[in-house]
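# Summary of the model geometry
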Amino acid sequence: TPASGLATGVLANTPAFHAYKSSNSNLSDDVASKISIDTELFDSDGKYDAGNYRFTPTVAGKYFVYSQVNLSCNAGEQYHFGAIIIYKNGSEYSRNVIDPNNNSAGKHNLVTPSIGMIIDFNTTDYVEIYAIADVGSGTPNVTGDGSASQTFFGAYRIIGA
């Protein structure tokens, strides 16, 4: 509305949400795993399912989807490969990879891949975030905390159907 400065109706960027991971969790080494992004910072229309870690907007259109996953391993271990993956309707849609392998000058025990892209949704489409972490030894994990700045997932509508 003009008085409030907020767009409504067809110009509104909703549904929209931003959620984050509230605590650390382990991953299986070198296996694509769904990331448990469990705490909503906001959810305009109640379309993010924090129990199943998925966004189902139910409103057709183009959406900007973004995420970051903070992958870590024990001190002295080294990442061979880290990836963040957007899954749409249960299948891989897009991925971004960080590959610090063969870094003999020093060990990387933290990688933070991020991703953002525009995706077309119909009324039944949904997206989830997965990650892969391959370490030389030990158990990789996903870092989360109450700051909402380490591992997060969000989306908002940019254009109607």
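Above this text you will find the structure in question.
These notes cover the structure that comes with them.

Procedures and definitions
- Residues numbered from 1 in each chain as written.
- Predicted model: local features only at pLDDT ≥ 70, side-chain atom pairs only at ≥ 80, totals over all residues.
- Heavy atoms only, no water.
- Helix = DSSP H or I, 4+ residues; strand = E, 2+ residues; numbered from the N terminus.
- Buried < 20%, exposed > 50% of the residue type's maximum accessible area, 1.4 Å probe, protein only.
- Lys, Arg positive; Asp, Glu negative; His and termini not counted.
- Salt bridge = Lys/Arg side-chain N within 4 Å of Asp/Glu carboxyl O.
- Contact = heavy atoms within 4.5 Å.
- Pairing = 2+ DSSP bridges.
- Axes fitted to C-alpha atoms, helices over the stretch in contact; angles between N-to-C directions.
- Phe/Tyr/Trp six-rings, centres within 6.5 Å; stacked < 30°, edge-to-face > 60°.
- Lys NZ or Arg CZ within 6 Å of the ring centre and 35° of its normal.
- Core = buried A, V, L, I, M, F, W, Y, C linked by side-chain atoms within 4.5 Å.

### Focus on the side chain of Asp134
Relative to the helices and strands, Asp134 resides in strand S13 (residues 127-135). One buried charged residue, Asp134, remains without a salt bridge, the closest side chain of opposite sign being Arg95 at 10 Å. The contacts of Asp134, once residues within four sequence positions are left out, are Asp29, Asp30, Gln78, Tyr79, His80 and Phe81.

### So, the sheet that holds strand S2 (residues 25-26)
Sheet strands pair by backbone hydrogen bonding; their relative direction is either parallel or antiparallel. The antiparallel open sheet is built from four strands, whose spatial order is S2-S14-S8-S11. The sheet terminates laterally at S2 and strand S11 (110-111), the two strands that pair on one side only. Pairing of S2 with strand S14 (residues 141-142) involves two bridges; the strand directions are antiparallel. Of the residues in S14, the one forming a bridge with Asn26 is Asn141.

### Side note on the pairing of strand S10 (residues 91-98)
Relative to S10, strand S9 (residues 79-88) runs antiparallel, the two sharing seven bridges. Bridge pairing links Ile85 to Arg95 in S10.

### A few points about the sheet that holds strand S12 (residues 114-121)
On the basis of which strands lie adjacent, the open sheet formed by five strands has the order S4-S1-S15-S7-S12 and antiparallel pairing. The strands lining the two open edges of the sheet, one partner per strand, are strand S4 (39-43) and S12. For this sheet the average axis-to-axis angle between neighbouring strands, irrespective of direction, equals 15 degrees.

### Things to note about the packing of aromatic side chains
To describe a pair of aromatic rings, one takes the distance between the centres and the angle between the planes. Under the counting rule described, the total for this entry stands at 11 aromatic pairs. Ring geometry for Tyr63 versus Phe121: centroids 4.9 Å apart, planes at 70 degrees, classification edge-to-face. Of this pair, Tyr63 sits in strand S7 (residues 61-68) while Phe121 sits in strand S12, and the two are 58 residues apart along the sequence. Overall, the relative accessible area of 4% leaves Phe121 in the buried class. Here the aromatic residues Phe17, Tyr48, Phe55, Tyr63, Phe121 and Phe153 are joined through ring pairs into a cluster of three or more. The cationic tip of Lys88 hangs over the ring face of Phe121; the distance from NZ or CZ to the ring centre is 5.9 Å.

### A word on the nonpolar core
If you look at the biggest cluster of nonpolar residues, it comprises 27 residues, and the most contacted ones within it are Val65, Leu71 and Phe153. Among the elements of the structure, strand S1 (16-20), S7, S9, S12, S13 and strand S15 (152-160) are those that each provide at least two residues to this core. When residues in this core are grouped by element, the largest group, five residues, is from S13. If you look at the next biggest cluster of nonpolar residues, it comprises six residues, including Ile85, Tyr87, Tyr130 and Ile132.

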